[in-house]
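Descriptive structure summary
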Amino acid sequence: MSSSERVLEVRDLVKHFPLTQGIVFKRQIGAIKAVDGVSFDLRKGETLGIVGESGCGKSTLAKVLMALERPTSGSVTINGKDIAKARGSELKRMRRNIQMVMQDPYTSLNPRMTVGDIIGEPFEIHTEVAPKGDRRKKVQELLEVVGLNPDHINRYPHQFSGGQRQRIGIARGLALQPEIIVCDEPVSALDVSIQAQVINLLERLQNEFDLAYIFIAHDLSVVRHISDRVGVMYLGKFVELGKDNDIYDKPAHPYTQALLSAVPVPDPEGREQRERIILQGDPPSPANPPTGCRFRTRCWKAQEICAEQEPLLQIRPGTGHESACHFAETHDVVHAG
Ligand SMILES: Nc1ncnc2c1ncn2[C@@H]1O[C@H](COP(=O)(O)OP(=O)(O)OP(=O)(O)O)[C@@H](O)[C@H]1O
Ligand code: SF4
Ligand SMILES: [Mg+2]
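Reading the values: rules and limits
Residues numbered from 1 in each chain as written. Chains lettered and ligands numbered in written order. Predicted model: local features only at pLDDT ≥ 70, side-chain atom pairs only at ≥ 80, totals over all residues. Heavy atoms only, no water. UniProt positions renumbered as here; feature names shortened; annotations may be inferred. Near = heavy atom within 4 Å. Polar contact = N/O pair within 3.5 Å; in protein donor to acceptor, adjacent residues only side chain to side chain. Areas by Shrake-Rupley, 256 points an atom, 1.4 Å probe, with all protein chains shown as cover. Helix = DSSP H or I, 4+ residues; strand = E, 2+ residues; numbered from the N terminus. 1 Å grid on protein atoms, 1.4 Å probe; cavity = no way out; pocket = protein on both sides within 12 Å on 5 of 7 lines; lining within 4 Å. Points joined across faces, edges and corners; volume = space filled by probe spheres on them. Nonpolar A, V, L, I, M, F, W, Y, C, P; charged D, E, K, R; others polar. Salt bridge = Lys/Arg side-chain N within 4 Å of Asp/Glu carboxyl O. Buried < 20%, exposed > 50% of the residue type's maximum accessible area, 1.4 Å probe, protein only. Pairing = 2+ DSSP bridges. Contact = heavy atoms within 4.5 Å. Axes fitted to C-alpha atoms, helices over the stretch in contact; angles between N-to-C directions. Parallel < 35°, antiparallel > 145°, perpendicular 65-115°, else oblique. Left-handed = near helix turned anticlockwise from the far one by under 90°.

- The name given to the protein chain in an unreviewed UniProt entry is Oligopeptide transport system ATP-binding protein, with the source organism recorded as Nonomuraea pusilla.
- The protein chain has a UniProt comment under Sequence similarities (unreviewed entry) that states "Belongs to the ABC transporter superfamily."

Looking at the site of ligand 1
- Close contacts around ligand 1 come from 14 residues, with Ser-54, Gly-55, Lys-58, Ser-59 and Thr-60 the closest.
- Gly-55 is positioned with one of its backbone polar atoms (N or O) 2.8 Å from an oxygen atom of ligand 1.
- Contact between ligand 1 and His-218: an oxygen atom at 3.1 Å from a side-chain N or O atom of the residue.
- Relative to its free-state accessible area of 640 Å², ligand 1 is covered by the protein chains to the extent of 65%.
- Secondary-structure elements contributing two or more residues to the shell around ligand 1 are strand E2 (27-43) and helix H1 (58-65).
- Residue contributions to the shell around ligand 1 peak at three residues, all from H1.

What about the layout of surface pockets?
- There is about 610 Å³ of room inside the largest pocket.
- If you trace the largest pocket, you find 23 residues lining it, with Met-66, Gln-99, Met-100, Pro-122 and Arg-172 closest to the centre.
- Of all the secondary-structure elements, those providing two or more residues to the lining of the largest pocket are helix H2 (88-95), strand E6 (98-101), helix H3 (115-125) and helix H5 (162-174).
- A breakdown of the residues in the lining of the largest pocket according to their chemical character gives 12 nonpolar, seven polar and four charged.
- Of the volumes computed, that of the second largest pocket is approximately 450 Å³.
- Gly-37, Ser-39, Phe-238, Leu-312 and Leu-313 are the residues nearest the centre of the second largest pocket, which is lined by 25 residues in total.
- Of all elements in the fold, only strand E1 (6-21), E2, strand E9 (229-234) and strand E10 (237-243) reach the threshold of two or more residues within the lining of the second largest pocket.
- Broken down by element, the residue count for the lining of the second largest pocket peaks at six residues, all from E2.
- Grouping the amino acids of the lining of the second largest pocket by side-chain chemistry returns 13 nonpolar, three polar and nine charged.

Notes on the UniProt feature "domain: ABC transporter" (unreviewed entry) in the protein chain
- The positions UniProt marks with the feature "domain: ABC transporter" (unreviewed entry) are residues 8-260.
- Helix and strand shares over residues 8-260 are 35% and 28% respectively, and the end C-alpha atoms of the span are 28 Å apart.

Describing the pattern of salt bridges
- Here the structure, examined in full by the defined rule, presents 22 salt bridges.
- The salt bridge involving Asp-249 is made with Arg-224; its shortest N-O contact spans 3.8 Å. Remark: Arg-224 occurs in helix H7 (residues 220-226) and Asp-249 occurs in helix H8 (residues 244-249); sequence separation between them is 25 residues.
- Ionic pairing is found between Asp-332 and Lys-250, a salt bridge with its closest N-O pair at 2.5 Å. Of this pair, Asp-332 sits in the segment after strand E12 (322-323) while Lys-250 sits in the loop between H8 and helix H9 (254-261); the two residues are 82 residues apart in sequence, bridging distant segments of the chain.
- The exposed category is assigned to Asp-332, whose relative accessible area is 55%.
- Salt bridges linked by common partners bring Arg-6, Glu-9, Arg-11 and Asp-41 together as one network.

Concerning empty space enclosed by the protein
- The full count for this structure, using the stated rule, is three cavities of 30 Å³ or more.
- Residues that form the lining of the largest cavity fall into these classes: nine nonpolar, two polar and two charged.

A few points about the sheet that holds E9
- Spatial ordering of the open sheet is given by E6-E7-E8-E3-E9-E10-E12-E11, a layout of eight strands whose pairing is mixed. Both edges of this open sheet fall to E6 and strand E11 (314-315), since each of them pairs with a single strand only.
- Pairing of E11 with E12, which is carried by two bridges, proceeds in the antiparallel orientation. Counted as the bridge partner of Gln-314 is Ser-323 from E12.

Brief notes about the environment of Ile-168
- Turning to its location among the elements, Ile-168 is positioned in helix H5.
- With a relative accessible area of 0%, Ile-168 lands in the buried category.
- Along the chain, Ile-168 and His-218 lie 50 residues apart, while their C-alpha atoms are 23 Å from each other.
- Beyond its immediate stretch of four places on either side in the chain, Ile-168 contacts Leu-109, Val-115, Ile-118, Ile-119, Leu-148 and Phe-160.

Examining the packing of H5 against helix H6 (residues 192-209)
- Running from amino to carboxyl end, H5 crosses H6 at an angle of 20 degrees, the nearest separation of the two axes being 10 Å. One element, H5, and the other, H6, form an angle in the roughly parallel class. Considering the relative orientation of H5 and H6, their crossing is right-handed. Residue-level inspection shows Gly-163, Gln-166, Arg-167, Ile-170 and Leu-174 of H5 in contact with H6, the latter providing Ile-194, Gln-197, Val-198, Leu-201, Leu-202, Leu-205 and Phe-209.
- When its residues are assigned to classes, the contact of H5 with H6 shows eight nonpolar, three polar and one charged.

Next up, the structure:
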(Lines give C-alpha, C1' and ligand atoms only; values in the text may rest on other atoms or scores of the structure.)
(Ligands and ions follow the chains in the order given, each with its own letter.)
Protein backbone atom coordinates (compact mmCIF):
# COMPACT_ATOMS: atom_id res chain seq x y z
CA MET A 1 0.00 0.00 0.00
CA SER A 2 1.59 3.31 -0.99
CA SER A 3 1.38 6.00 1.65
CA SER A 4 -0.52 8.32 -0.71
CA GLU A 5 -3.44 5.89 -0.74
CA ARG A 6 -3.67 5.81 3.03
CA VAL A 7 -6.03 8.27 4.63
CA LEU A 8 -5.61 6.91 8.16
CA GLU A 9 -2.72 5.24 9.96
CA VAL A 10 -3.26 4.02 13.50
CA ARG A 11 -0.19 2.88 15.44
CA ASP A 12 0.01 1.21 18.86
CA LEU A 13 -3.06 3.08 20.04
CA VAL A 14 -3.76 2.82 23.77
CA LYS A 15 -6.62 4.35 25.80
CA HIS A 16 -6.69 3.58 29.52
CA PHE A 17 -9.31 5.10 31.82
CA PRO A 18 -8.15 5.59 35.43
CA LEU A 19 -9.92 3.36 37.93
CA THR A 20 -10.35 5.30 41.16
CA GLN A 21 -11.47 4.58 44.71
CA GLY A 22 -12.86 7.00 47.33
CA ILE A 23 -15.17 9.99 46.91
CA VAL A 24 -13.38 12.87 48.64
CA PHE A 25 -9.81 11.64 48.27
CA LYS A 26 -9.78 9.89 44.92
CA ARG A 27 -6.97 7.38 44.61
CA GLN A 28 -6.08 5.65 41.36
CA ILE A 29 -6.11 1.91 41.97
CA GLY A 30 -5.67 0.75 38.40
CA ALA A 31 -6.81 1.37 34.85
CA ILE A 32 -9.52 0.14 32.51
CA LYS A 33 -7.59 -0.91 29.43
CA ALA A 34 -10.35 -0.11 26.93
CA VAL A 35 -8.02 0.06 23.91
CA ASP A 36 -4.67 -1.58 24.44
CA GLY A 37 -2.39 -1.51 21.41
CA VAL A 38 -4.32 -1.25 18.15
CA SER A 39 -2.64 -0.67 14.76
CA PHE A 40 -4.16 -0.58 11.29
CA ASP A 41 -4.31 1.43 8.06
CA LEU A 42 -7.31 2.63 6.11
CA ARG A 43 -7.18 3.41 2.40
CA LYS A 44 -9.14 5.99 0.46
CA GLY A 45 -12.56 4.59 -0.41
CA GLU A 46 -12.09 1.46 1.73
CA THR A 47 -14.32 0.03 4.48
CA LEU A 48 -12.79 -1.57 7.55
CA GLY A 49 -15.37 -3.46 9.60
CA ILE A 50 -14.68 -3.79 13.34
CA VAL A 51 -16.52 -6.42 15.36
CA GLY A 52 -16.40 -7.72 18.90
CA GLU A 53 -18.49 -8.30 22.01
CA SER A 54 -19.92 -5.48 24.12
CA GLY A 55 -17.22 -3.72 26.14
CA CYS A 56 -14.26 -4.78 23.95
CA GLY A 57 -13.40 -1.14 23.22
CA LYS A 58 -15.01 -0.41 19.84
CA SER A 59 -16.63 2.92 20.77
CA THR A 60 -13.58 4.04 22.73
CA LEU A 61 -11.46 3.36 19.65
CA ALA A 62 -13.93 5.39 17.55
CA LYS A 63 -13.78 8.32 19.99
CA VAL A 64 -9.99 8.35 20.03
CA LEU A 65 -9.88 8.28 16.21
CA MET A 66 -12.21 11.30 16.18
CA ALA A 67 -10.07 13.06 18.81
CA LEU A 68 -13.08 13.19 21.14
CA GLU A 69 -10.85 11.37 23.63
CA ARG A 70 -7.08 11.80 23.90
CA PRO A 71 -5.12 8.55 23.65
CA THR A 72 -2.93 7.38 26.52
CA SER A 73 -0.27 6.66 23.88
CA GLY A 74 0.07 5.88 20.18
CA SER A 75 -0.81 7.87 17.08
CA VAL A 76 -3.74 8.50 14.74
CA THR A 77 -2.32 9.91 11.52
CA ILE A 78 -4.73 11.41 9.01
CA ASN A 79 -3.13 12.34 5.69
CA GLY A 80 0.31 12.47 7.33
CA LYS A 81 -0.62 14.46 10.50
CA ASP A 82 -1.29 13.06 13.99
CA ILE A 83 -4.76 14.23 15.09
CA ALA A 84 -4.02 13.06 18.64
CA LYS A 85 -1.35 15.79 18.92
CA ALA A 86 -3.23 18.51 17.06
CA ARG A 87 -4.63 21.50 18.96
CA GLY A 88 -6.62 24.65 18.21
CA SER A 89 -7.18 25.59 14.59
CA GLU A 90 -5.19 22.60 13.29
CA LEU A 91 -7.42 20.19 15.23
CA LYS A 92 -10.52 21.96 13.93
CA ARG A 93 -9.27 21.68 10.34
CA MET A 94 -8.39 17.99 10.76
CA ARG A 95 -11.80 17.21 12.28
CA ARG A 96 -13.47 18.30 9.06
CA ASN A 97 -11.97 15.26 7.43
CA ILE A 98 -13.18 12.62 9.92
CA GLN A 99 -16.86 12.57 10.84
CA MET A 100 -19.05 10.16 12.77
CA VAL A 101 -22.44 8.50 12.37
CA MET A 102 -23.79 7.46 15.76
CA GLN A 103 -25.60 4.32 16.82
CA ASP A 104 -28.96 5.53 17.96
CA PRO A 105 -30.87 7.88 15.65
CA TYR A 106 -33.53 8.28 18.38
CA THR A 107 -31.24 9.90 20.94
CA SER A 108 -28.40 11.36 18.88
CA LEU A 109 -30.51 14.07 17.18
CA ASN A 110 -31.56 17.08 19.25
CA PRO A 111 -35.41 16.90 19.37
CA ARG A 112 -35.76 20.69 19.64
CA MET A 113 -33.79 21.47 16.49
CA THR A 114 -35.20 21.33 12.97
CA VAL A 115 -33.61 18.89 10.57
CA GLY A 116 -32.18 21.84 8.66
CA ASP A 117 -30.44 23.14 11.79
CA ILE A 118 -29.17 19.68 12.72
CA ILE A 119 -27.63 19.01 9.31
CA GLY A 120 -26.37 22.58 8.99
CA GLU A 121 -24.84 22.75 12.49
CA PRO A 122 -21.34 21.79 11.29
CA PHE A 123 -21.42 24.86 9.02
CA GLU A 124 -21.73 27.08 12.13
CA ILE A 125 -18.33 25.83 13.29
CA HIS A 126 -16.75 25.53 9.85
CA THR A 127 -18.08 28.74 8.32
CA GLU A 128 -15.58 28.48 5.47
CA VAL A 129 -17.38 25.43 4.00
CA ALA A 130 -20.72 27.17 3.50
CA PRO A 131 -21.23 30.94 3.82
CA LYS A 132 -24.48 31.81 5.60
CA GLY A 133 -26.43 32.60 2.41
CA ASP A 134 -25.63 29.20 0.89
CA ARG A 135 -26.49 27.03 3.88
CA ARG A 136 -30.16 26.35 3.23
CA LYS A 137 -29.43 25.27 -0.33
CA LYS A 138 -26.57 23.04 0.83
CA VAL A 139 -28.72 21.38 3.49
CA GLN A 140 -31.48 20.72 0.95
CA GLU A 141 -28.92 19.20 -1.37
CA LEU A 142 -27.70 16.94 1.45
CA LEU A 143 -31.29 15.85 2.20
CA GLU A 144 -31.67 14.88 -1.45
CA VAL A 145 -28.34 13.01 -1.50
CA VAL A 146 -29.48 10.76 1.39
CA GLY A 147 -32.90 10.13 -0.16
CA LEU A 148 -35.04 12.52 1.92
CA ASN A 149 -37.44 15.20 0.70
CA PRO A 150 -35.67 18.60 0.67
CA ASP A 151 -39.01 20.27 1.43
CA HIS A 152 -38.91 18.65 4.89
CA ILE A 153 -36.05 20.89 6.01
CA ASN A 154 -38.18 22.59 8.71
CA ARG A 155 -39.48 19.39 10.28
CA TYR A 156 -38.35 18.00 13.64
CA PRO A 157 -36.71 14.60 14.27
CA HIS A 158 -39.88 13.07 15.81
CA GLN A 159 -41.65 13.55 12.47
CA PHE A 160 -39.33 10.99 10.85
CA SER A 161 -39.03 7.19 11.14
CA GLY A 162 -35.93 5.50 12.61
CA GLY A 163 -34.44 4.79 9.19
CA GLN A 164 -35.10 8.36 8.05
CA ARG A 165 -33.48 9.72 11.21
CA GLN A 166 -30.39 7.70 10.50
CA ARG A 167 -30.37 9.26 7.01
CA ILE A 168 -30.40 12.67 8.75
CA GLY A 169 -27.41 11.58 10.85
CA ILE A 170 -25.62 10.49 7.68
CA ALA A 171 -26.40 13.79 5.92
CA ARG A 172 -24.89 15.62 8.88
CA GLY A 173 -21.80 13.40 8.69
CA LEU A 174 -21.44 14.29 5.01
CA ALA A 175 -21.91 18.04 5.44
CA LEU A 176 -18.21 18.89 5.71
CA GLN A 177 -17.25 16.54 2.85
CA PRO A 178 -14.94 14.35 4.93
CA GLU A 179 -12.71 11.61 3.52
CA ILE A 180 -13.37 9.33 6.51
CA ILE A 181 -16.62 8.47 8.30
CA VAL A 182 -16.61 6.43 11.50
CA CYS A 183 -19.94 4.59 11.78
CA ASP A 184 -20.42 3.28 15.33
CA GLU A 185 -23.15 0.61 15.06
CA PRO A 186 -25.15 2.76 12.63
CA VAL A 187 -27.88 0.16 12.05
CA SER A 188 -28.03 -1.68 15.40
CA ALA A 189 -31.07 0.29 16.61
CA LEU A 190 -33.03 -0.24 13.37
CA ASP A 191 -35.39 -2.98 12.19
CA VAL A 192 -33.70 -5.64 10.09
CA SER A 193 -35.69 -4.59 6.99
CA ILE A 194 -34.46 -0.99 7.35
CA GLN A 195 -30.87 -2.00 8.10
CA ALA A 196 -30.30 -3.12 4.51
CA GLN A 197 -31.61 0.19 3.11
CA VAL A 198 -29.27 2.22 5.31
CA ILE A 199 -26.31 0.00 4.42
CA ASN A 200 -27.14 0.32 0.71
CA LEU A 201 -27.25 4.09 1.12
CA LEU A 202 -23.84 4.10 2.85
CA GLU A 203 -22.42 2.00 -0.01
CA ARG A 204 -23.86 4.31 -2.66
CA LEU A 205 -22.44 7.38 -0.90
CA GLN A 206 -19.07 5.68 -0.57
CA ASN A 207 -18.88 5.19 -4.33
CA GLU A 208 -20.17 8.66 -5.07
CA PHE A 209 -17.80 10.52 -2.74
CA ASP A 210 -14.89 8.05 -2.45
CA LEU A 211 -15.39 7.82 1.32
CA ALA A 212 -13.39 5.59 3.64
CA TYR A 213 -15.46 3.97 6.40
CA ILE A 214 -14.73 2.45 9.77
CA PHE A 215 -17.88 0.40 10.29
CA ILE A 216 -18.43 -0.91 13.82
CA ALA A 217 -20.96 -3.65 14.63
CA HIS A 218 -21.66 -6.59 16.92
CA ASP A 219 -23.11 -8.60 14.12
CA LEU A 220 -20.61 -10.24 11.82
CA SER A 221 -23.14 -10.65 9.03
CA VAL A 222 -23.87 -6.89 8.97
CA VAL A 223 -20.19 -6.04 8.67
CA ARG A 224 -19.55 -8.57 5.95
CA HIS A 225 -21.92 -6.96 3.50
CA ILE A 226 -20.11 -3.63 3.51
CA SER A 227 -16.49 -4.38 4.50
CA ASP A 228 -13.38 -4.81 2.37
CA ARG A 229 -11.42 -5.87 5.44
CA VAL A 230 -12.51 -6.89 8.92
CA GLY A 231 -10.80 -6.51 12.30
CA VAL A 232 -11.99 -8.68 15.19
CA MET A 233 -11.52 -7.09 18.61
CA TYR A 234 -11.23 -8.78 21.98
CA LEU A 235 -10.51 -6.94 25.26
CA GLY A 236 -8.96 -3.87 23.67
CA LYS A 237 -6.92 -5.59 20.96
CA PHE A 238 -7.34 -6.88 17.42
CA VAL A 239 -7.08 -10.66 17.43
CA GLU A 240 -7.57 -11.08 13.68
CA LEU A 241 -7.38 -8.72 10.72
CA GLY A 242 -7.78 -9.51 7.05
CA LYS A 243 -9.79 -9.35 3.85
CA ASP A 244 -13.44 -10.01 4.51
CA ASN A 245 -13.53 -13.32 2.59
CA ASP A 246 -10.48 -14.61 4.47
CA ILE A 247 -12.04 -13.79 7.82
CA TYR A 248 -15.49 -15.18 6.97
CA ASP A 249 -14.51 -18.29 5.05
CA LYS A 250 -11.21 -19.18 6.71
CA PRO A 251 -10.95 -17.64 10.17
CA ALA A 252 -7.69 -18.52 11.94
CA HIS A 253 -8.31 -17.29 15.49
CA PRO A 254 -10.45 -19.38 17.87
CA TYR A 255 -12.41 -16.29 18.95
CA THR A 256 -13.42 -15.46 15.35
CA GLN A 257 -14.29 -19.11 14.77
CA ALA A 258 -16.58 -19.02 17.80
CA LEU A 259 -18.25 -15.76 16.70
CA LEU A 260 -18.88 -17.17 13.23
CA SER A 261 -20.24 -20.43 14.54
CA ALA A 262 -22.91 -18.41 16.37
CA VAL A 263 -24.33 -16.97 13.11
CA PRO A 264 -27.41 -19.11 12.35
CA VAL A 265 -27.40 -21.30 9.23
CA PRO A 266 -30.89 -21.63 7.76
CA ASP A 267 -30.28 -24.62 5.49
CA PRO A 268 -30.29 -27.98 7.28
CA GLU A 269 -27.42 -29.42 5.22
CA GLY A 270 -25.09 -26.64 6.34
CA ARG A 271 -26.19 -27.10 9.92
CA GLU A 272 -25.06 -30.69 9.92
CA GLN A 273 -21.65 -29.86 8.53
CA ARG A 274 -21.03 -27.19 11.08
CA GLU A 275 -20.24 -27.62 14.74
CA ARG A 276 -21.41 -24.84 17.02
CA ILE A 277 -18.71 -23.49 19.32
CA ILE A 278 -20.16 -22.24 22.58
CA LEU A 279 -17.94 -19.72 24.34
CA GLN A 280 -17.74 -20.30 28.07
CA GLY A 281 -18.38 -17.35 30.40
CA ASP A 282 -18.09 -13.61 29.85
CA PRO A 283 -15.01 -11.71 28.72
CA PRO A 284 -12.70 -10.91 31.68
CA SER A 285 -12.60 -7.33 33.02
CA PRO A 286 -10.53 -4.91 30.92
CA ALA A 287 -9.14 -3.63 34.25
CA ASN A 288 -7.42 -6.95 34.78
CA PRO A 289 -6.90 -8.81 31.51
CA PRO A 290 -5.34 -12.31 31.61
CA THR A 291 -1.57 -12.62 31.14
CA GLY A 292 -0.27 -13.84 27.78
CA CYS A 293 -3.19 -14.35 25.43
CA ARG A 294 -6.24 -12.43 26.63
CA PHE A 295 -8.57 -15.01 25.16
CA ARG A 296 -7.02 -17.95 27.01
CA THR A 297 -9.60 -18.10 29.82
CA ARG A 298 -12.29 -18.96 27.23
CA CYS A 299 -10.19 -20.81 24.66
CA TRP A 300 -10.55 -24.55 24.13
CA LYS A 301 -7.12 -24.73 22.49
CA ALA A 302 -5.16 -22.99 25.28
CA GLN A 303 -1.77 -24.44 26.28
CA GLU A 304 0.84 -23.38 28.83
CA ILE A 305 2.56 -20.99 26.43
CA CYS A 306 -0.70 -19.04 26.06
CA ALA A 307 -0.46 -17.84 29.69
CA GLU A 308 3.22 -16.96 29.38
CA GLN A 309 3.64 -15.35 25.99
CA GLU A 310 1.40 -12.83 24.34
CA PRO A 311 0.66 -13.87 20.75
CA LEU A 312 1.31 -10.94 18.40
CA LEU A 313 -0.97 -9.95 15.54
CA GLN A 314 0.96 -11.21 12.52
CA ILE A 315 0.56 -13.31 9.40
CA ARG A 316 0.61 -16.91 10.59
CA PRO A 317 1.92 -19.73 8.38
CA GLY A 318 -0.73 -21.30 6.17
CA THR A 319 -3.39 -18.71 6.99
CA GLY A 320 -2.52 -15.80 4.68
CA HIS A 321 -3.72 -13.07 7.03
CA GLU A 322 -2.93 -11.61 10.43
CA SER A 323 -4.06 -13.26 13.64
CA ALA A 324 -2.89 -13.23 17.25
CA CYS A 325 -2.80 -16.90 18.23
CA HIS A 326 0.13 -19.26 18.89
CA PHE A 327 -1.84 -22.08 17.32
CA ALA A 328 -3.62 -20.25 14.51
CA GLU A 329 -4.96 -22.51 11.78
CA THR A 330 -7.66 -21.83 9.26
CA HIS A 331 -11.01 -23.41 9.73
CA ASP A 332 -13.44 -23.61 6.78
CA VAL A 333 -16.80 -22.09 7.64
CA VAL A 334 -20.05 -23.20 6.03
CA HIS A 335 -22.26 -20.18 5.41
CA ALA A 336 -25.95 -19.83 4.91
CA GLY A 337 -27.34 -20.14 1.36
N1 LIG B 1 -15.30 7.31 29.96
C2 LIG B 1 -15.05 6.10 30.46
N3 LIG B 1 -14.55 5.95 31.71
C4 LIG B 1 -14.26 4.74 32.22
N5 LIG B 1 -14.44 3.57 31.55
C6 LIG B 1 -14.92 3.65 30.30
C7 LIG B 1 -15.26 4.91 29.69
N8 LIG B 1 -15.72 4.66 28.43
C9 LIG B 1 -15.68 3.32 28.27
N10 LIG B 1 -15.20 2.72 29.39
C11 LIG B 1 -14.99 1.26 29.58
O12 LIG B 1 -14.13 0.82 28.55
C13 LIG B 1 -14.51 -0.45 28.07
C14 LIG B 1 -14.81 -0.40 26.58
O15 LIG B 1 -16.01 0.34 26.38
P16 LIG B 1 -16.58 0.68 24.93
O17 LIG B 1 -17.79 1.51 25.10
O18 LIG B 1 -15.48 1.21 24.10
O19 LIG B 1 -16.98 -0.78 24.40
P20 LIG B 1 -17.81 -1.21 23.10
O21 LIG B 1 -17.02 -2.28 22.43
O22 LIG B 1 -18.15 0.00 22.30
O23 LIG B 1 -19.12 -1.85 23.73
P24 LIG B 1 -20.64 -1.89 23.12
O25 LIG B 1 -20.60 -2.96 22.09
O26 LIG B 1 -21.46 -2.25 24.31
O27 LIG B 1 -20.95 -0.55 22.56
C28 LIG B 1 -15.70 -0.88 28.92
O29 LIG B 1 -15.23 -1.68 30.00
C30 LIG B 1 -16.24 0.44 29.42
O31 LIG B 1 -16.90 0.27 30.65
S1 SF4 C 1 -2.91 -18.13 21.83
FE2 SF4 C 1 -3.64 -19.91 22.96
S3 SF4 C 1 -5.30 -19.16 24.26
FE4 SF4 C 1 -4.90 -17.62 22.70
S5 SF4 C 1 -6.33 -18.04 21.11
FE6 SF4 C 1 -4.46 -19.10 20.57
S7 SF4 C 1 -4.67 -21.14 21.44
FE8 SF4 C 1 -6.23 -19.87 22.39
MG1 LIG D 1 -19.98 0.83 21.63
